[in-house]
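What the coordinates show
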Amino acid sequence: MKVELDINRERHTVDVEPRLSLLDCLRDKLLLTGAHAGCEHGVCGACTVLVDGAAVRSCLMFAVQADGVAITTIEGLSPGPGELSPLQDAFCETHGMQCGYCTPAMILAAHALLSKNTSPTREEIVDAISGNICRCTGYAQIVEAIALAAERIRGQNDPVRP
Amino acid sequence: MKPAAFEYSRPADIDEACALLAADDGARVIAGGQTLGPLMAMRLARPSRLIDIARIPGLAFVRDEGKEIVVGATTRQHVVENDPLVRAKLPLLAKVMPFVGHTATRARGTVGGSLVNGDPAAEIVLVAVTLGAILVWRDGGESQSIAASDFFLGPMVTALPLTACLAEARFPVWPEPRVGVGFHEINARQSDFAFVSAAAQIALDADGCCTRAAIGIGAATAVPLRLDAVADALKGQRFDEARVRELAKAALAGIEAMADLHASAEYRKRVAVTMAVRAIADAYQDAARRP
Ligand SMILES: Cc1cc2nc3c(=O)[nH]c(=O)nc-3n(C[C@@H](O)[C@H](O)[C@H](O)COP(=O)(O)OP(=O)(O)OC[C@H]3O[C@@H](n4cnc5c(N)ncnc54)[C@H](O)[C@@H]3O)c2cc1C
Ligand code: FES
Ligand code: FES
């Protein structure tokens, strides 16, 4: 089936079998490998992307279900070539990652939170990433990174763009 | 973890969805895909055709009909979670929504999908049974209504005919001015499926005495259990923890609790009593805060 996808504000027409997950479509057809395949059945969160601004699991969506929505992957987050978003910067600075497997998903889940709420409590941060498993960091620096990014975004003139 | 091949259809309305179901025994409805997706990935489900109902116009809504709040089957869980009408008139549903999976699964998962899936640990299923919701499905061009207590038959088994499509869930609204709710669950990880859960909704009079109560236990038995004997015994009473514990213990003494690797039947029975006491205590406290 042909499907029209809007990914990181670019249109792509791809020919897919209905059983192809959005995750596999992003990775194998469009070479956007920032969405990671962990469990492929909804448990780990490594495949998180944004659909109309909300964090969703791309392994639990078929590509054929994804026409007409705006998809954002980690590749679409930086404001320009060679630049990082405040969240990406904060993850680097606080060592919010070790192996990096969970990182794109953590950043996108945090991005969805901060685009609605730039003053999240620790509980709100923890809740926002509760569906994302990290086997390395123990989460403390991830939470710290998100809090730091939130603080910086609050200080920006344009607080709507995490 | 790749599902088997299937055909994909997107019907224009619910009757066309039913017709597609009737035409192919292997066809299944997909709404949010948050349960069906994992089942297909593990090949525990191998539908020959997926009938995507998520974009059917008019199936996703929250509507105030006075005595009932009606929720359309394909309404996403995160919409219900943040809906002001649900918060104001269906406080028990609002209370449990943050416990239904994670932010990312609630963004896709639907209310109807959770109900049709009929997991005894599902919070929305528990609320439907506790409050006595009415479920409405379409089948062969006709609508049929059924009480939640008759809809859920066993773990993941419901009365929904194979050719039917759930259309809406009608939750009763309590008109009393002082209504409070409580919910507690115990699980291995925040937002995972509960081993035991308890929900309570209580109305109080001006003196703090209970005039009406609804209490339900989820995940302990094959379908959520209403503790009507406890609810009846609370009438006219102020909160008394020792008495509530005795009542809950008595009501749960004879249940046939489920057992699995995570929680034995004995454990579930014991914890169910504690969860019920906590939910009831919270509901009293919540109601007492209202003028
Ligand atoms: C990591 C994770 C954690 C979760 N934790 C919880 C939790 O704590 N509590 C909880 O309650 N749930 C939990 N869930 C499941 C919940 O997210 C699902 O949303 C819900 O059970 C199913 O809703 P859905 O819309 O995704 O349905 P789908 O997966 O699309 O469908 C589920 C079943 O219902 C049928 N169906 C769906 N809609 C209709 C309809 N209108 N008419 C007829 N048949 C229909 C489908 O054919 C299928 O058999 C979790 C899921 C994941 C992935
Ligand atoms: S790969 Fe999607 S949740 Fe694990
Ligand atoms: S950094 Fe390795 S899984 Fe999170």
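Position numbers for residues count from 1 along each chain, tracking the sequence in the order it is written. Each chain takes a letter, starting from A, and each ligand takes a number, starting from 1, following the order in which they are written. Two thresholds apply to this predicted model, a pLDDT of at least 70 for residue-level local features and 80 or more for giving and counting side-chain atom pairs, whereas whole-chain, interface and lining totals are computed over all residues. Processing note: side-chain calculations cover all non-hydrogen atoms of the structure and skip hydrogens and water entirely.

This next bit is on the site of ligand 1. In the vicinity of ligand 1 there are 34 residues, among which Val29(B), Gly33(B), Gln34(B), Thr110(B) and Glu123(B) approach most closely. A molecule or strand has a residue near it when one of that residue's heavy atoms lies within 4 Å. Ligand 1 sits at a junction of chains, with neighbouring residues supplied by chains A and B. Separating an oxygen atom of ligand 1 from a backbone N or O atom of Gly33(B) is a distance of 2.7 Å. Here Thr35(B) contributes a side-chain N or O atom positioned 2.8 Å from an oxygen atom of ligand 1. For the accessible areas, the method is Shrake-Rupley and the probe is 1.4 Å, while residue cover comes only from the protein chains on display. Alone, ligand 1 offers 970 Å² of accessible surface; in the complex the protein occludes 95% of this. In protein, a polar contact requires one atom able to donate a hydrogen and another able to accept it; more generally it is a pair of N or O atoms within 3.5 Å, and residues adjacent in sequence count only if both atoms are side-chain atoms.

Turning our attention to the packing of helix α2 (residues 86–93) of chain A against helix α3 (residues 103–116) of chain A. Residues and elements named next belong to chain A. Two elements in contact, α2 and α3, have axes whose closest approach is 10 Å; the angle formed by their N-to-C orientations is 130 degrees. By the angle between their directions, the pair α2 and α3 is classed as oblique. Classified by chirality, the crossing of α3 by α2 is right-handed. Contact residues: Leu87, Gln88 and Phe91 in α2; Thr103, Met106, Ile107, Ala110, His111 and Leu114 in α3. Lines fitted to C-alpha atoms define the axes here, with helix axes fitted over just the stretch in contact, and angles between the N-to-C directions of these axes take values from 0 to 180 degrees. Where helices and strands are cited, they refer to DSSP runs of H or I of at least four residues and of E of at least two residues respectively, numbered from the N terminus. The scheme is simple: roughly parallel for angles under 35 degrees, roughly antiparallel for over 145, roughly perpendicular for 65 to 115, oblique for anything else. Each crossing is labelled by how the near helix is turned from the far one, with a counterclockwise turn of less than a right angle marking it left-handed and a clockwise turn marking it right-handed. Note on contacts: a residue pair is in contact if any heavy atoms of the two residues lie within 4.5 Å.

Note on ring pairs: Phe, Tyr and Trp rings are taken, using the six-membered ring of Trp, and paired if centres are within 6.5 Å. Classes follow the plane angle, with under 30 degrees stacked, over 60 edge-to-face and the rest tilted. In the structure shown here, the tally under the stated rule is five aromatic pairs over all chains. Measuring from centroid to centroid gives 5.0 Å for Phe62(A) and Phe6(B), while their planes differ by 70 degrees, and the two rings are edge-to-face. Separated into two different chains, Phe62(A) in the loop between β4 (54–57) and β5 (70–72) and Phe6(B) in the segment before β1 (7–9) make up a pair that spans both. Neither residue differs from the other here; Phe62(A) and Phe6(B) are each classed as buried. For the pair Phe239(B) and Tyr284(B), a centre-to-centre distance of 5.4 Å together with 50 degrees between the ring planes defines the contact as tilted. Pair noted here: Phe239(B) is in the loop between α10 (228–234) and α11 (241–252) and Tyr284(B) is in helix α12 (residues 265–288), with a separation of 45 residues, a long-range link. Burial classes follow relative accessibility: with a 1.4 Å probe on protein chains only, a residue under 20% of its type's maximum area counts as buried, one over 50% as exposed, and anything between as partly exposed.

Buried accessible area, meaning the area lost when the parts come together, often serves as the stated size of an interface. Listed by partner, the interface residues are 31 residues for chain B and 26 residues for chain A. Here's the idea: put two parts together, see how much 1.4 Å probe accessible area each one loses, and the total over both is what we call buried area. Of the roughly 2300 Å² buried between chain B and chain A, counting both surfaces, carbon and sulfur atoms make up 53%. It is Tyr8(B), Arg108(B) and Arg189(B) that lose the most area in chain B upon contact with chain A, and together they represent 21% of the buried surface on that side. For this analysis, a salt bridge means a side-chain nitrogen from Lys or Arg found within 4 Å of a carboxyl oxygen belonging to Asp or Glu. Inspection of the chain B/chain A interface yields four salt bridges. Applying the counting rule to chain B against chain A returns nine residue pairs in polar contact (both at pLDDT 80 or more). Broken down by secondary-structure element, the contributors of at least two residues to the side of chain B that touches chain A are α2 (36–41), β3 (49–52) and α6 (103–106) of chain B. Lys, Arg, Asp and Glu make up the charged group, whereas Ala, Val, Leu, Ile, Met, Phe, Trp, Tyr, Cys and Pro make up the nonpolar group; the residues left over, Gly among them, are polar. The class makeup of the residues in the side of chain B that touches chain A is 15 nonpolar, eight polar and eight charged.

The next point concerns unusual backbone geometry. Positive phi outside glycine occurs at Asn8(A), with the angle close to 50 degrees. Among the secondary structure elements, Asn8(A) is positioned in the loop between β1 (2–7) and β2 (10–15). Residue classification places Asn8(A) among the buried residues on the basis of a relative accessible area of 17%. Positive phi, close to 60 degrees, is recorded for Met156(B), a residue that is not glycine. On the secondary structure map, Met156(B) appears in the loop between β8 (152–154) and β9 (157–158).

Before going further, it helps to examine α2(A). All names here are of chain A. Restricting attention to buried positions, one finds in α2 the residues Pro86, Leu87, Gln88, Ala90 and Phe91. For α2, the secondary structure elements touched by its buried residues are α3 and α5 (140–155). His95 sits one or two residues past α2 and shows a positive phi near 55 degrees.

What follows concerns the domain arrangement of chain B. Residue and element names in this part refer to chain B. For the domain bounds, the source is a domain assignment made automatically or taken from a database. Domain boundaries assigned for chain B yield domain 1 (7–47), domain 2 (62–172) and domain 3 (179–288). Computed from C-alpha coordinates alone, the two centres of domain 2 and domain 3 are separated by 20 Å. The contact between domain 2 and domain 3 buries some 2000 Å² in all, and 70% of this surface belongs to carbon and sulfur atoms. The largest share of the area that domain 2 buries against domain 3 comes from Pro120, Leu126 and Thr130, three residues that together contribute 28% of it. Here domain 2 is connected to domain 3 by zero salt bridges.

All names here are of chain B. Its location among the elements puts Gly66 in the loop between β4 (62–64) and β5 (68–72). Note on Gly66: relative accessible area 42%, which makes it partly exposed. As for Gly66 and Phe195, which are separated by 129 residues in sequence, their C-alpha atoms are 35 Å apart.

Looking now at the domain arrangement of chain A. Residue and element names in this part refer to chain A. Domains assigned within chain A are domain 1 (2–76) and domain 2 (86–157). Taking only C-alpha atoms into account, the centre of domain 1 sits 21 Å from that of domain 2. Note on domain 1 versus domain 2: buried area summed over both sides is about 1100 Å², and carbon and sulfur give 64% of it. Here domain 1 and domain 2 share zero salt bridges between them. For the interface between domain 1 and domain 2, the tally reads six residue pairs in polar contact (both at pLDDT 80 or more). Counting residues per element, the ones that place at least two in the side of domain 1 that touches domain 2 are β3 (48–51) and β4. Tallying contributions element by element places β3 first for the side of domain 1 that touches domain 2, with three residues. For the side of domain 1 that touches domain 2, the per-class residue count stands at eight nonpolar, eight polar and one charged.

Our next topic: the nonpolar core. All names here are of chain B. Residues Val80, Leu93, Leu115, Leu135, Phe152 and Phe171 are the most contacted members of the largest nonpolar core, which totals 39 residues. Of all the secondary-structure elements, those providing two or more residues to this core are β5, α5 (91–96), α7 (111–117), α8 (123–131), β6 (134–139), α9 (148–151), β10 (165–172) and β11 (179–186). A per-element tally of this core places α8 first, with seven residues. Two domains each put at least three residues into this core: domain 2 (62–172) and domain 3 (179–288). In contact with Leu135, other than residues within four places in its own chain, are Leu115, Gln144, Ser145, Ile146, Phe151, Phe152, Leu166, Glu168 and Ala169. Grouping buried Ala, Val, Leu, Ile, Met, Phe, Trp, Tyr and Cys residues that are joined through side-chain atoms within 4.5 Å yields what is termed a nonpolar core.

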